[in-house]
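# A look at the structure
So the chains spell out like this:
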Amino acid sequence: MRNLTKVFAVFYLLLFLSGCLSVGSGPLTNLISVPSGQSNLKHKLPSGFCLDRSANRIAGLQETSVVTNCILVNKGGKSYFSRRPVDTIVNITFTQSRIPKKVSQEKYLLAIAEKMELKKLITASSSKKLIFGKEKSNGKFFHVNFQRINSLQRKEFVRKYFFLVDNKVAVMTILSFQKPNRNTYSSFETFIKKLG
């Protein structure tokens, strides 16, 4: 039990560090490289979203990938991904927080859900006002869903997913600047299941 408490302490530190979202201006791709054992596996992102390679970052025990809206353009027999007006930014953080061997993935996710304090998670920034929040647990992931008002008095729709990749904790934050289409969440939930 003491080991599990230490793992949670490291996890929460990484969680708050992964809360920042950024968008770069570099090349786009619809594939994301996901850590698996000693190598990385390529996975296709949901339709309409691309990895912004210039915005990826590695800090300490975590690697963060930034995904944004994109569209496939065909020009002169060549195809490439281009940016489109951004309404959603997805921040995926892969940590090195490995779950203890004697704990099942489902129990570990339930433990995260039980220890998670929604208010602390959401109000990390004092410039944002919480207007709605709820938690939901699923066998493959646990997510926190909330809305908030930013410093410019604009509404933000946020959903944070907690799941496991290669027995390590991963956190995905979906930030939308307008009410997200249901397909956005369902397509990323299908993506999470493929990673597991």
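These numbers come from a predicted model, not from an experiment. (Residues numbered from 1 in each chain as written. Predicted model: local features only at pLDDT ≥ 70, side-chain atom pairs only at ≥ 80, totals over all residues. Heavy atoms only, no water.)

Per-residue confidence for the protein averages 75 on the pLDDT scale, and 73% of its residues sit at or above 70. Of all helices and strands in the protein, the one with the weakest mean pLDDT is helix H1 (residues 2-17) (41), whereas strand S4 (residues 49-52) scores best (93). Confidence drops under a pLDDT of 50 for residues 3-26, and excluding neighbours within four residues, the segment shows 57 contacts in the predicted structure. (pLDDT = per-residue confidence, 0-100. Helix = DSSP H or I, 4+ residues; strand = E, 2+ residues; numbered from the N terminus. Contact = heavy atoms within 4.5 Å.)

Moving on to the packing of aromatic side chains. All told, the structure shown has four aromatic pairs when counted by the stated rule. Judged by centre distance (5.3 Å) and plane angle (75°), the rings of Phe141 and Tyr161 are edge-to-face. Taken together, the residues span a long stretch of sequence, with Phe141 in strand S10 (residues 141-149) and Tyr161 in strand S11 (residues 155-165) at a distance of 20 residues. Each of the two residues, Phe141 as well as Tyr161, counts as buried. Ring centres of Phe188 and Phe191 lie 6.3 Å apart, and the angle between their planes is 85°; this geometry places the pair in the edge-to-face category. Of this pair, Phe188 and Phe191 are both found in helix H4 (residues 182-195), three residues apart, which corresponds to roughly one turn of the helix. Accessibility assignment for this pair places Phe188 and Phe191 in one class, buried. (Phe/Tyr/Trp six-rings, centres within 6.5 Å; stacked < 30°, edge-to-face > 60°. Buried < 20%, exposed > 50% of the residue type's maximum accessible area, 1.4 Å probe, protein only.)

Okay, the pattern of salt bridges next. One pass over the structure, following the stated rule, counts two salt bridges. For Asp52, the salt bridge is made with Arg83, and the minimal N-O distance between the two is 3.1 Å. A residue pair is termed long-range when its members are at least 10 positions apart, and Asp52 in strand S4 and Arg83 in strand S7 (residues 78-83) qualify at 31 residues. Note that Glu189 is salt-bridged to Arg159, the shortest N-O span being 3.2 Å. Taken together, the residues Glu189 in helix H4 and Arg159 in strand S11 connect sequence positions 30 residues apart. (Salt bridge = Lys/Arg side-chain N within 4 Å of Asp/Glu carboxyl O.)

Here we take up the nonpolar core. Formed by 21 residues in total, the largest nonpolar core has its most connected members in Val67, Val90, Ile92, Tyr161, Phe163, Met172 and Phe188. Counting residues per element, this core draws most heavily on H4, which supplies five residues. Formed by 13 residues, the second largest nonpolar core is a distinct cluster that contains Ile99, Tyr108, Ile112 and Phe162. (Core = buried A, V, L, I, M, F, W, Y, C linked by side-chain atoms within 4.5 Å.)

In terms of residue burial, strand S8 (residues 88-98) counts as a mostly covered element, since nine of its 11 residues are buried. As paired strands, strand S6 (residues 62-75) and S8 are joined by seven bridges and run antiparallel to one another. Of the residues in S8, the one forming a bridge with Thr68 is Ile89. Direction of pairing for S8 relative to strand S12 (residues 168-176): antiparallel, over a ladder of eight bridges. Following the sheet pairing, Arg98 is matched in S12 by Lys168. (Pairing = 2+ DSSP bridges.)

In a disulfide, the sulfur atoms of two cysteines are held together by a covalent bond. Enumeration over the complete set of coordinates arrives at one disulfide. Sulfur-sulfur distance for the disulfide between Cys50 and Cys70 comes to 2.1 Å. Handedness here is read from the sign of the S-S torsion; for Cys50 and Cys70, about 65°, the answer is right-handed. Note that Cys50 is positioned in strand S4 and Cys70 in strand S6, a separation of 20 residues in sequence. For the pair shown, Cys50 and Cys70 are each scored as buried. (Disulfide = S-S within 2.5 Å.)

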